[in-house]
2 protein chains.
Amino acid sequence: MDKIFSTLVSCIRAEEPVAIATVIERSDVTQGQNPSPAELGATMLVSHIRGVQGSLGHEKLDAVVARDVGAALSSGRSVARHYGSAGESRLDDVTVFIDVFAPPPRMIIFGAVDFTAALVKVAKVLGYYVTVCDAREVFATKRRFPDADDVVVAWPHVYLETVADRLGALDAVCVLTHDHKFDIPAIAAALSTNVGYLGAMGSRKTHAERVERLIDAGVEPSRLNEIMAPIGLAIGARTPEETAVAICAEIIARRANADVRSLRDETGPIHLVAS
Amino acid sequence: MDKIFSTLVSCIRAEEPVAIATVIERSDVTQGQNPSPAELGATMLVSHIRGVQGSLGHEKLDAVVARDVGAALSSGRSVARHYGSAGESRLDDVTVFIDVFAPPPRMIIFGAVDFTAALVKVAKVLGYYVTVCDAREVFATKRRFPDADDVVVAWPHVYLETVADRLGALDAVCVLTHDHKFDIPAIAAALSTNVGYLGAMGSRKTHAERVERLIDAGVEPSRLNEIMAPIGLAIGARTPEETAVAICAEIIARRANADVRSLRDETGPIHLVAS
């Protein structure tokens, strides 16, 4: 435990994401089933950089928890999970609290439009720290986006400069402004960060125009492929809420390298006719 | 307007979903832009069965609003939308309130597990009336699922019998129990309803066993293809929250007949290794 504690302190000092998993409940004992070797209070540390330290008392449980801690680290959220005595993932014998010491991933949404409110809601379920940014102060209000962590009135590219250093592989920038005046500098600025996902809303025609203007603005043509546009998976989303699911599904799929169809990679209509 | 009102009454009496779109705000007038011919208070009725009646004053605006009303009818939710004077979908000149007279679609989730809470949250963003049902009263509590509309302690197939008549193409049944004892009768019962989406969680191995037992239980082999299992799109979801997005994305895609990859239709691992 001393070693785990000292590693934890080192990780936090170095601003490395780290998580501690602790057995906080064992209902198998009280229910008289085969008890798990997991001990109440047993602790395990997981760091992407420093690996796993400690054990919850059962090899299979350790393996399943280490996988879930990895996912919790990616989302930046502490969470309680339930397992069977040997790590079975849909039983409830052992409760493990996964305490994540890492900033949550960020989603920055440019454009305070109808689609934005729905995207904020789904992004919050996924654990993002969500910022809505729009240069038009009438629209970028906390009242319109009560679920957002921040609502910022600024030109997108100007705001982006203030957070550019902090954006990494788990973060996302979604450009919903649909106005070249705001889009072009915002996308150009996002491409110069390490942000893991960059999506832009609009029709294929709008994006074709956008590509021309981005090149005029000095963006390397080889970088254009990093823009997911039209934004979202090709699931036939129609409403803002459905579009929000399509966007978040695309972000998850890109992060997992899943081979699933994005609107960008097909040529059909964005809005399918419902059956 | 009299004709619209009488059609509205007829639809409601016949329990047909119907919506009324009304122009409730025109900022273009106050801002001195080219005013829209849309009149404040102009009204349009949209019914999937009876078509469109009335006009908001501009042909293109009518067409865009009719499309959005169709989506609102599908989700069962009233909503305010903003348009440009000629129906441009990301401008804010004209505000139209779409008042839906229809029950919201239902999602019934069997199994009060970790994945359930996340699925409830995303389903609520999409406008579902969400019921969580589990036979184990320790787990099926309102406290664990505060966002659910109903939490029911009952055997899944017994509960399903009480609502079977009301399930239609827009509704969804998600079986997350992962226990043949509950799964088999629940899936068999769901297959005898008109529910639009039926998904079941579990590994490919679990589902192969399930299929055998369903056939033993008298399910026609030709019906097995209606079960989306493993549940969700193949986006490499790992956490309950990501899985919830994968499930909702699959429901949207199936409803829209979108050609996008479900876990059911591939053979790879359910949980991909993140990059």
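In this text, all values refer to a predicted model and were calculated from it rather than measured experimentally.

(A) Layout of the domain arrangement of chain A. All names here are of chain A. Domain annotation for chain A reports domain 1 (2-101) and domain 2 (106-265). Spacing between the C-alpha centres of domain 1 and domain 2 amounts to 34 Å. If you look at the interface, domain 1 gives four residues, while domain 2 gives six residues. Between domain 1 and domain 2, the buried area comes to about 310 Å², and carbon and sulfur atoms account for 41% of it. Sorting the residues of domain 1 by area buried against domain 2 places Ser 74, Ser 75 and Arg 77 first, and these three jointly supply 97% of that buried surface. Our count for the contact surface shared by domain 1 and domain 2 stands at zero salt bridges. Where domain 1 touches domain 2, the interface holds zero residue pairs in polar contact (both at pLDDT 80 or more).

(B) Representation of the interface of chain B and chain A within the structure. In this complex, chain B contributes 49 residues to the contact, which on the side of chain A involves 49 residues. In this assembly, chain B packs against chain A so that about 4,200 Å² is buried in total across both faces, 61% of it on carbon and sulfur atoms. If you sort the residues of chain B by the area they bury against chain A, Arg 90, Val 125 and Ile 235 of chain B come out on top, with a joint share of 16%. If you look at where chain B meets chain A, you find four salt bridges. Between Glu 242 of chain B and Arg 255 of chain A there is a salt bridge, and its shortest N-O distance comes to 3.6 Å. At the boundary of chain B with chain A, the tally comes to four residue pairs in polar contact (both at pLDDT 80 or more).

(C) Geometry of the sheet that holds strand E3 (residues 51-54) of chain B. Residue and element names in this part refer to chain B. On the basis of which strands lie adjacent, the open sheet formed by five strands has the order E3-E2-E1-E5-E4 and antiparallel pairing. The two strands at the open ends of the sheet, each matched to only one other strand, are E3 and strand E4 (79-83). Taken over all neighbouring pairs, the strand axes of this sheet differ in orientation by 25° on average, direction set aside. Here four bridges tie strand E1 (residues 18-26) to strand E2 (residues 43-47), and the two strands are oriented antiparallel to one another. Across the sheet, residue Ile 20 finds its bridge partner in E2, namely Leu 45.

(D) Molecular detail of unusual backbone geometry. With omega at -5°, the peptide bond leading from Ala 229 of chain A into Pro 230 of chain A counts as cis. Summarising the element assignment, Pro 230 of chain A is placed in the loop between strand E11 (227-228) and helix H8 (240-255).

(E) Representation of the sheet that holds strand E2 (residues 43-47) of chain A. Residue and element names in this part refer to chain A. Strand order in the open sheet formed by five strands is E3-E2-E1-E5-E4, with antiparallel pairing between adjacent strands. At either end of the open sheet lies a strand with only one pairing partner, and these are strand E3 (51-54) and strand E4 (79-83). Across the sheet, the mean angle separating the axes of adjacent strands is 25° when strand polarity is ignored. Note: strand E1 (residues 18-26) against strand E5 (residues 94-101), eight bridges, orientation antiparallel. Residue pairing in the sheet places Ala 19 in a bridge with Val 100 of E5.

(F) Structural context of the packing of helix H4 (residues 114-125) of chain A against H8 of chain A. All names here are of chain A. Direction vectors running N to C along H4 and H8 enclose 50°, while the axes themselves pass 8 Å from each other. In terms of axis orientation, H4 runs oblique to H8. Crossing of H4 against H8: the hand is right-handed. Here H4 contributes Asp 114, Phe 115, Ala 118, Leu 119, Val 122 and Ala 123 to the contact with H8, which in turn contributes Pro 240, Glu 241, Thr 243, Ala 244, Val 245, Ile 247 and Cys 248. For the contact of H4 with H8, a count of residues per class yields ten nonpolar, one polar and two charged.

(G) Just the side chain of Gln 53 of chain A, in detail. Residues and elements named next belong to chain A. Turning to its location among the elements, Gln 53 is positioned in strand E3. Given the relative accessible area of 12%, Gln 53 is considered buried. Looking at Gln 53, its side chain comes within polar contact range of the side chain of Thr 7, at 2.8 Å. With sequence-adjacent residues up to four places away left out, Gln 53 is seen in contact with Lys 3, Ile 4, Thr 7, Thr 43, Met 44 and Leu 45.

(H) Molecular detail of empty space enclosed by the protein. In this structure the tally under the stated criterion is four cavities of 30 Å³ or more. Size it by volume and the largest cavity reaches roughly 120 Å³. Lining the largest cavity, in full, are Thr 239, Glu 241 and Glu 242 of chain A together with Ser 75, Arg 77, Pro 105, Leu 126, Tyr 128, Cys 248, Ile 251, Ile 252 and Arg 255 of chain B. Those elements that provide at least two residues to the lining of the largest cavity are H8 of chain A together with helix H8 (240-255) of chain B.

(I) Here's a closer look at the relation of the copies chain B and chain A. Of the transformation placing chain B onto chain A, the axial shift is 0.0 Å and the rotation is 180°, giving an RMSD of 0.1 Å. Considering both components of the superposition, the chain copies are consistent with a two-fold axis. The residues that chain B uses at the interface reappear at the interface of chain A in 98% of cases, marking a shared surface.

Calculation criteria
- Residue numbering note: each chain is counted from 1, following its sequence as written.
- Chain A is the first chain written and ligand 1 is the first ligand written, with later ones labelled in order.
- Confidence filtering applies because this is a predicted model: local features only for residues at pLDDT of at least 70, side-chain atom pairs given and counted only at 80 or more, and all residues used for totals across whole chains, interfaces and linings.
- Hydrogens and waters are ignored; side-chain quantities use all the structure's heavy atoms.
- The domain boundaries here were taken from an automatic or database domain assignment.
- It only takes one pair of heavy atoms within 4.5 Å for two residues to be counted as in contact.
- Two parts placed together each lose some accessible area; with a 1.4 Å probe, that loss summed over both constitutes the buried area.
- By definition here, a salt bridge exists when the distance from a side-chain nitrogen of Lys or Arg to a carboxyl oxygen of Asp or Glu is within 4 Å.
- Pairing of N or O atoms within 3.5 Å defines a polar contact, subject to two protein rules: one partner must be a possible hydrogen donor and the other a possible acceptor, and residues neighboring in sequence count only if both atoms are side-chain atoms.
- By the convention used here, strands pair only if DSSP detects at least 2 bridges between them.
- Helix numbers and strand numbers start at the N terminus; a helix is a DSSP run of H or I with at least 4 residues, a strand a run of E with at least 2.
- A fitted line through C-alpha atoms represents every axis, and for helices the fit uses only the stretch in contact; the resulting angles, taken between N-to-C directions, go from 0 to 180 degrees.
- Between 65 and 115 degrees an angle is taken as roughly perpendicular, under 35 as roughly parallel, over 145 as roughly antiparallel, and anywhere else as oblique.
- In this scheme, a crossing is called left-handed if the near helix is turned counterclockwise away from the far one by less than a right angle; it is called right-handed if the turn is clockwise.
- The classification used treats Ala, Val, Leu, Ile, Met, Phe, Trp, Tyr, Cys and Pro as nonpolar, Asp, Glu, Lys and Arg as charged, and all other residues, Gly among them, as polar.
- For every residue, the accessible area (1.4 Å probe, protein chains only) is compared with the maximum for its type, and the residue is labelled buried under 20%, exposed over 50%, or partly exposed between those bounds.
- In this analysis a 1.4 Å probe is tested at points of a 1 Å grid over the protein atoms alone, and where it fits but cannot get out there is a cavity; an open set with protein on both sides within 12 Å along at least five of seven lines is a pocket; lining residues have an atom within 4 Å of a point.
- Grid points are joined across faces, edges and corners, and a volume is the space filled by probe spheres set on the points.
- Here the copies are superposed with least squares, the fitted atoms being C-alpha atoms of residues at a pLDDT of at least 70 in both.

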